[in-house]
Amino acid sequence: MKNILVCDDDEGILDVVKMALSDEGYNILTVRNGKEVLKSIETQTPDLVLLDLWIPGLTGEKIVKTFKTDQKLKHIPVIIFSANRNIEKIAKEVQADGFLPKPFDLEDLENIIKKFI
Amino acid sequence: MDRTPTSKKPDFISNTQFFKQVIESLEDYAVFTTDHKGTVTSWNQGAENILGYTEKEIIGKSSFVFFTPGDRRNKIPQKEIQNALNTGSSRDERYHLRKDKSRFWASGKLFLLKDEDGKVYGFTKIMRDLTASKEMENKVNKAYEDTNNILESISDAFVSFDREWKYRYINKKAAEIIKKTKEEVLGKSVFDVFPNIEKNEVFQLSYKAWKEKKHIKNEYFSQAMQRWLEANFYPSADGGLSAYYSDISKRKDIEKNLQIQAQVLESMTEGVSLSNSKGIIKYTNPAEDRIFGYNRGELIGKHHFIQNIYSRRKNNLIMGEIDRQIEKKGYWTGEFENVKKDGTIFTTFARISKVEIDGEMHWVCLQEDITKRKQSEQKLRESEERLRLALEAGNMGAWDWDIANNKISWTDKVYELHGTKKGEFDGSIEEFNKLIHPDDSNKMFQLINGAVEEVKPFKAEFRVRHRDGKVVWLFTEALTLADAKGKAVRMLGVTFEITERKNREINTRFLSKASKVIYSSLDYQTTLNNLASLAVPDIADWCSVDMLDENGGVELVAVAHKDPEKVKWAIELRKTNPVDMEDLTGLPNVIRTGQSEMYPLVTDEMIKLAAKNAKQLRLLLSIGFRSVMIVPIKSYDKVIGVITFVTTQTGRQYTNSDLQMAEELASRISLAIENAKLYQQVEQERTKFKILYDSNIIGVMIIDKNNRITQANENFLKLLGYTNEEIESKSLHWNQITPHEYLEIDEKAYRGLKKTGDAVTWEKEFIKSNEENVPVIVGCALINKRTQEKVAFVLDITEQKKLEERKDEFIGIASHELKTPLTSIKGYVQILEKALRDTNNEKVKTLFNKTNIYINKLDELIIDLLDVSKIQAGKLQFDMMDFNLKQLIDDGIGYIQAGTSHKIILEGDSNINIFGDKHRLEQVFVNLLSNAVKYSPDADKIKVKITRFKDNVEISVQDFGIGISKKHYDKLFQRFYRVEKSAKNFSGLGIGLYISSKIISRHGGRIWVESELGKGSTFYFNLPIKKTDKK
């Protein structure tokens, strides 16, 4: 079972993503801010990270950078999702592996995850 | 002839046969021999022929018979023989006698016949009949004698020299001339007679003639004789010279006379012509030719009628008259109108007489061109006439003052000018002084005395007082003449009246003074009072100003009188005799008509007509009116008052120029009053503005044409933190306190201002003294179009801007916050949909679809709001790249077409490469399409048109819906703007077009609308075409 780490400060979104992806057979771990992401990966390395850009504490962008500059974490696909229109550009800039604009269709969410794991 | 006189002596002739034959053959010569006594011994045929004797008859006879009896008595034959014996031969020429006793002239030579011993035994005579030659000689001698007689008798001198210059002949006259007798000179060399003759010029000529063997003729004046001589030197064949001198003094005199006459004629300035009885010109002198403009001699042969302008008929009449005159007194004089060769007409004075030449009558005409004289005569006449006319026209009089005798002579005009008559003025300078106005007398006499003392010209302007009290200004100008000692003895001058001019001067001076008064105060009550005082006494003896009151009556507002005490009286007079506005003349009439009235001379009759009753008549007569002017004062063409000028008995009489002056004054007063009113208005406006300016509710500044701030109020200074000193030093420039990015906007605003002249308002920022920017609204208006001076009102909108920023920030946060739950909602709905997917309940499916549509709509609204907030914050980002327009158009149409029943029709080729943010541009296109759908609910189609231009591509979206009024065109693209009416019927935030316009302008394009209410709208936008894609 693949582990997906989802980070968003909104309880509703975490809930929806967890529900939707659990049904698809993924193991979902949810955190609410950047610090928790870093804390979580110390105990368990996820197979994929789904990251909201606008989160309290460390911003999504910094977290992506942390992942992509760390040799141990580099291989983990990071997908960012945001209500920001320029998400595609930001994704490129921060070297995220994928992006998903908010609000999204669950189908799109599933499809993009399937691309990586 | 073989017989010999003696036997012993051989006969020469008979012995010599040859000679005998020769002698016999000489038939023209008589040859015979005689013995020593003269007895003929032989005889030849020639002797027989000549002497008539035959040989037989004469042999043995004495040869003496051949001599004439006279010669024989004189023993000539014997003498001849003796002579021959003495000298060997004898020669003679004399008459001889023939046999018939006739005489003949013969030459003969007698030779000695000698025998062998040399002893003379006889003679041979050879004789020739010279009768023929003797006759000739006689003729020659006669001729010679005649010539001699002639030469002797003539008055001319004749001298003949031989080849050795010896006098061969000299006639009586010549001898006389040289004062010698013939005997003294004949045969003598001229060089001996006149030792110094070689130096004589005349001799040198004769010598030349002799030497060169040619005839020389010379005329010379002989000093010795005091005569003119003509010398002719003829070289003669024998090497001599004949000289012939004739006295030509007479001829010379005649010649000289002729020459003098000719010179006189040639040098005369008068023309002289001679024409024959037929009128043909035979002679002209150079002056004649010159006067008539012909070349020398050109007139000769022409008819003299061509010289004048008259017709042939007239000429004949004239000639007839001339003829009669000449008959009567020998000559005719008169003027001719002549014509020159070039056609110029001129006048001559001619003197014509007759002269007989070669038996024919000739006209002699002497004439002189008098055109110039005529002209100068004419000129003189004209100038005299002019002078007379000038004096007359100038109304001038002339005067002559005999200083020594103190006597002034005047022409009639001068009497008139001084208001006196002949007989009333005794001509003394003292009497003259009495006529001069007392105020001018001293000055006048200073001038006169000065002119007399210094003997210089004199001129003066002075007044004289006429008997009737009238004061007249005169001008006089004179020359002072001095005697040999340089003492002034006489003064000649002219005098004329200058009252009018003087009055005009006074008027002009008054007008200029009055103008100063008028414009010195804006309080016209004061002005009018001053004015009335100014008019007295130069212009009027009495001046009053009446102003129209509100009730249509008049109020006396200013009065001045020559006599200050009469001012009160004048005011009183008005009270007791109020103006009757119904009066047909005077002040009421001037007020009614707005036309001035002038009475140059007020007569008692006029006063009688004007007076209303006996009491008034007495009063008016006592005032002694002389001249009156009443002039209206107008304001904007409405009569507001009247100014009255009056002179009394001693004052001046008004003329039209006075009236003009009065009207000019009135119009200046009117202008001053209008100005005062205008000034009051302006003052009020100024006050209003000043209140606004000083109240500091709003910042105010004045900007010059170079955008320099020349003035600013407290509020403005406080707002931007500058000092008044900075403004006053004019160091503050608009552009200097404007952030760079606003200069373009400012420029645009100025252009609008300049173009329309209307005030413009715009938002901008200024840089404060502390270098912070302050957002403001600026309203700017032109104060003066010519100077381009502007006034700008500045309103600080910092607070509003802050508020806006907070609002935009709020919108940003809010929309993000809205999106988050929306994402959750969308997720849950999808999960729910999935959970219920298998129910196959159509109603559920429909509900899910509808829920999704509204979720999407909500999503779009949130997106738009976010965009707006980003635009406001300047954070809207663009992802520019190359892309093909076709994909954008197709995607956009596809997207909208899916959700509408309108048929979207595409025209034009959209296969064009563009550089831009594809998503943003699609957002614009979709926005326009969705608007088109939204605002044309009843239509069934939407037209999309792609038009390619050289530099850009234009995309238009046309709907057939409700349309938009023109007044909304610009505002449509503003933030949150919604057309009021449609706002009620159509939902929306009014930000779609705002965002679109921002996106398009960021791409360097333009967005606009064309619409018609009820018919639909077309939205256009264009985009620059990527250069590499240009075809």
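Fair warning: this is a prediction, and the values are worked out from it, not measured in the lab. (Residues numbered from 1 in each chain as written. Chains lettered and ligands numbered in written order. Predicted model: local features only at pLDDT ≥ 70, side-chain atom pairs only at ≥ 80, totals over all residues. Heavy atoms only, no water.)

## Here we look at the overall build of chain B
For clarity, the cut-off: Helical segments are the DSSP runs of H or I of at least four residues, strand segments are the runs of E of at least two, and each set is numbered from the N terminus. Under the scheme applied here, a residue whose accessible area is under 20% of the maximum for its type counts as buried, over 50% as exposed, and between as partly exposed, the area being computed with a 1.4 Å probe on protein chains only. In this description, contact between two residues means that some pair of their heavy atoms is separated by no more than 4.5 Å. Under the convention used here, a 1.4 Å probe and the Shrake-Rupley method define accessible areas, while residue burial counts only the protein chains that appear.
A tally of regular secondary structure across chain B gives 34 helices and 37 strands. Split into buried and exposed, the 1031 residues of chain B put 42% on the buried side. Sequence-distant contacts in chain B: of pairs separated by 6 or more residues, those separated by 24 or more amount to 50%. Element-wise, carbon and sulfur atoms account for 52% of the exposed surface of chain B, whose accessible area totals about 58,600 Å².

## Topic: the side chain of B:Asn232
All names here are of chain B. Keep this limit in mind: Definition of a polar contact: a pair of N or O atoms within 3.5 Å, with one able to donate and the other able to accept a hydrogen when the atoms are protein atoms, and with sequence-neighbouring residues admitted only if both atoms are side-chain atoms.
Locating Asn232 in the fold gives a position in strand 9 (residues 227–235). Side chain to side chain, Asn232 and His215 meet in a polar contact 2.6 Å long. A polar contact is formed between the side chain of Asn232 and the side chain of Glu230, at a distance of 3.0 Å. Look past the residues within four positions of Asn232 in its chain and what remains in contact with it is His215, Ile216, Lys217, Ser242, Ala243 and Tyr244.

## Some details on the sheet that holds strand 19 (residues 471–482) of chain B
All names here are of chain B. Our working definition: Here, a strand pair is defined by DSSP locating no fewer than two bridges between the strands. For helices, the axis comes from a line fit to the C-alpha atoms of the stretch in contact; other axes are also lines fit to C-alpha atoms, and the angle between any two N-to-C directions lies between 0 and 180 degrees.
Taken together, the 5 strands give an open sheet; going across it, the order is 17-16-20-19-18, and neighbouring strands pair in antiparallel fashion. Two strands lie at the open edges of the sheet, namely strand 17 (407–410) and strand 18 (458–465), each paired on one side alone. Between one strand axis and the next, the sheet turns by 25° as a mean value, whatever way the strands run. Direction of pairing for strand 16 (residues 397–402) relative to strand 17: antiparallel, over a ladder of 4 bridges. Looking across to strand 17, one finds that Trp401 is bridged to Ile408. Across the sheet, helix 18 (residues 438–454) is in contact with strand 16, strand 18, strand 19 and strand 20 (488–497); its angle to strand 18 comes to roughly 155°. Across the sheet, helix 19 (residues 499–520) is in contact with strand 18, strand 19 and strand 20; its angle to strand 19 comes to roughly 115°.

## Comments concerning the pattern of salt bridges
Residue and element names in this part refer to chain B. Our working rule: Within this document, salt bridges are pairs made up of a side-chain nitrogen of Lys or Arg and a carboxyl oxygen of Asp or Glu, the two lying within 4 Å of each other.
Using the criterion set out here, one finds 51 salt bridges over all chains in the structure. Residues Arg501 and Glu505 are paired through a salt bridge, measuring 3.2 Å at the closest nitrogen-oxygen approach. Highlighted residues: Arg501 and Glu505, both in helix 19, separated by 4 residues, approximately one helical turn. Looking at Arg501, the relative accessible area reads 30%, which means it is partly exposed.

## Structural notes on helix 28 (residues 743–756) of chain B
Residues and elements named next belong to chain B. We count it as follows: Each residue after the first adds 1.5 Å to the expected span of a helix. As used here, the arc belongs to the directions running from the helix axis to the C-beta atoms.
Here helix 28 contains 14 residues, and its C-alpha end-to-end distance of 20 Å stays within 8% of the 20 Å for a straight helix at 1.5 Å per residue. Residues of helix 28 that are buried include every one of Asp746, Ala749, Tyr750 and Leu753, and no others. For helix 28, the angular spread of buried residues about the axis comes to 100°, placing them on one side. Turned more than 90 degrees away from the buried face of helix 28 sit Glu744, Lys748, Arg751, Lys755 and Thr756, all of them exposed. The secondary structure elements touched by the buried residues of helix 28 are strand 28 (760–767), strand 29 (773–784) and strand 30 (789–796). After helix 28 finishes, the residue Gly757 shows a positive phi value of roughly 80°.

## Observations concerning the interface of chain A and chain B
Our working rule: Simply put, the buried area is the total loss of 1.4 Å probe accessible area from both parts when two parts are fitted together.
Counting residues at the interface gives 22 residues for chain A, matched by 23 residues for chain B. Between chain A and chain B, the buried area comes to about 2,100 Å², and carbon and sulfur atoms account for 56% of it. Three residues, A:Trp54, A:Arg85 and A:Pro103, lead the burial of chain A against chain B; their summed loss comes to 33% of the area buried on that side. Here chain A and chain B share 3 salt bridges between them. The residue A:Glu110 makes a salt bridge to B:Lys834 at a minimum N-O spacing of 2.9 Å. Counting across the interface, chain A meets chain B through 8 residue pairs in polar contact (both at pLDDT 80 or more).

## Concerning the nonpolar core
All names here are of chain B. Applied cut-off: Put simply, buried Ala, Val, Leu, Ile, Met, Phe, Trp, Tyr and Cys residues joined by side-chain atoms within 4.5 Å make one nonpolar core.
Core analysis: the largest hydrophobic core is formed by 46 residues, its most contacted members being Phe925, Leu929, Val953 and Ile955. Ranked by the residues each element gives to this core, the list is headed by helix 32 (residues 918–934), at 8 residues. Once you skip the residues sitting within four places of it in the chain, Val953 turns out to touch Leu885, Ile912, Ile914, Ile946, Thr947, Arg948, Phe1021, Asn1022, Leu1023 and Ile1025. Membership of the second largest hydrophobic core comes to 34 residues, among which are Ile506, Ala560, Tyr654 and Ala662.

## Let's talk about a nonpolar patch on the surface
Let me state the cut-off plainly: For patch detection, residues must exceed 30% relative accessible area and be free of salt bridges, and they are connected within 9 Å for like charges or within 5 Å for nonpolar side chains (Val, Leu, Ile, Met, Phe, Trp, Tyr).
Nonpolar side chains collect at one region of the surface, where B:Leu479, B:Leu481 and B:Leu492 lie side by side and expose about 230 Å² of accessible area between them. In this structure, B:Leu479 sits in strand 19.

## Details of the environment of B:Asn276
Residues and elements named next belong to chain B. Summarising the element assignment, Asn276 is placed in strand 11 (residues 271–276). Residues Asn276 and Met361 lie 85 residues apart in sequence; the distance between their C-alpha atoms is 6.4 Å. In this view, Asn276 contacts Lys282, Glu360, Met361, His362 and Trp363; residues no more than four positions away in its chain are not counted.

## So, the sheet that holds strand 37 (residues 1016–1024) of chain B
Residues and elements named next belong to chain B. Read from one edge of the open sheet, 5 strands run 32-34-35-37-36, paired in mixed fashion. Whereas interior strands pair on both sides, the edge strands pair on one side only; in this sheet they are strand 32 (903–907) and strand 36 (1006–1012). Along the sheet, successive strands turn relative to each other by an average axial angle of 15°, direction set aside. Relative to strand 37, strand 36 is paired through 7 bridges, and the arrangement is antiparallel. Bridged to Glu1010 within strand 37 is Thr1018.

## Considerations on the confidence of the model for chain B
All names here are of chain B. Just so we agree on the cut-off: Each residue carries a pLDDT score, the predictor's own confidence in it, on a scale running from 0 to 100.
With 94% of its residues at a pLDDT of at least 70, chain B reaches an overall mean of 84. Within the model, the stretch residues 1–10 combines pLDDT values under 50 with 26 contacts to residues more than four positions away or in other chains. Model confidence for the complex is summarised by a pTM of 0.35, with the ipTM given as 0.85.

## Structural notes on the packing of aromatic side chains
Residue and element names in this part refer to chain B. We apply this condition: By convention, a stacked pair of Phe, Tyr or Trp rings (six-membered ring in the case of Trp) has centres within 6.5 Å and planes under 30 degrees apart, an edge-to-face pair has planes over 60 apart, and any other such pair is tilted.
Inspection of the entire model under this criterion finds 39 aromatic pairs over all chains. When the ring of Tyr207 is compared with that of Trp210, the centres are 5.2 Å apart and the planes differ by 45°; the resulting orientation is tilted. Within this pair, Tyr207 and its partner Trp210 are both found in helix 11 (residues 201–212), separated by 3 residues, close to a single helical turn. The interplanar angle of 80° and the centroid separation of 5.1 Å between the aromatic rings of Trp410 and Tyr415 together place this pair among those described as edge-to-face. Note on Trp410: relative accessible area 10%, which makes it buried. Look at Tyr415 and you get buried, because its relative accessible area is 11%.

## Section: unusual backbone geometry
A cis amide bond links A:Lys102 to the next residue, A:Pro103, at an omega of -10°. Structurally, A:Pro103 can be placed in the loop between strand 5 (98–101) and helix 5 (106–116). With phi around 60°, B:Lys75 is a residue other than glycine that occupies positive phi space. Using a relative accessible area of 49% as the deciding quantity, one classes B:Lys75 as partly exposed. Within the chain, B:Val455 stands out as a residue other than glycine whose phi angle is a positive 50°. Along the polypeptide, B:Val455 turns up in the loop between helix 18 and strand 18. Assessed through its relative accessible area of 27%, B:Val455 is described here as partly exposed.

## Observations regarding the side chain of B:Lys252
By secondary structure assignment, the location of B:Lys252 is in helix 12 (residues 249–267). Beyond its immediate chain neighbours, meaning those up to four positions away, B:Lys252 contacts B:Glu219 and B:Trp228.

## A short note on the packing of helix 29 (residues 798–835) of chain B against helix 30 (residues 842–873) of chain B
Residues and elements named next belong to chain B. The criterion, for reference: Oblique is the label for any angle not covered by the other classes, which are roughly parallel (under 35 degrees), roughly antiparallel (over 145) and roughly perpendicular (65 to 115). Left-handed describes a crossing whose near helix is turned anticlockwise from the far helix through less than a right angle; right-handed describes the clockwise counterpart. Polar here means any residue outside two lists: the nonpolar Ala, Val, Leu, Ile, Met, Phe, Trp, Tyr, Cys and Pro, and the charged Asp, Glu, Lys and Arg; Gly therefore counts as polar.
Contact pair helix 29 / helix 30: the axes reach a minimum separation of 9 Å and the direction vectors enclose 160°. Taken together, the axes of helix 29 and helix 30 are roughly antiparallel relative to one another. When the axes of helix 29 and helix 30 are compared, the crossing they make is left-handed. When the residues that make up the contact of helix 29 with helix 30 are grouped by side-chain class, the tally is 13 nonpolar, 7 polar and 6 charged.

## Quick word on the pairing of strand 1 (residues 3–7) of chain A
Residue and element names in this part refer to chain A. Quick reminder of the rule: Here the term right-handed applies to a crossover when the path leading from its first strand over the helix to its second strand runs clockwise, the strands being oriented away from the viewer.
With 5 of 5 residues buried, strand 1 is to be regarded as a mostly interior element. Where burial is concerned, the two faces of strand 1 agree: the one with Asn3, Leu5 and Cys7 and the one with Ile4 and Val6 are both buried. For the crossover that starts at strand 1, traverses helix 1 (residues 11–23) and ends in the parallel strand 2 (residues 27–31), the hand is right-handed. The sheet contact formed by strand 1 and strand 3 (residues 48–52) spans 4 bridges and is parallel. Within strand 3, the position partnered with Val6 by the bridge is Leu50.

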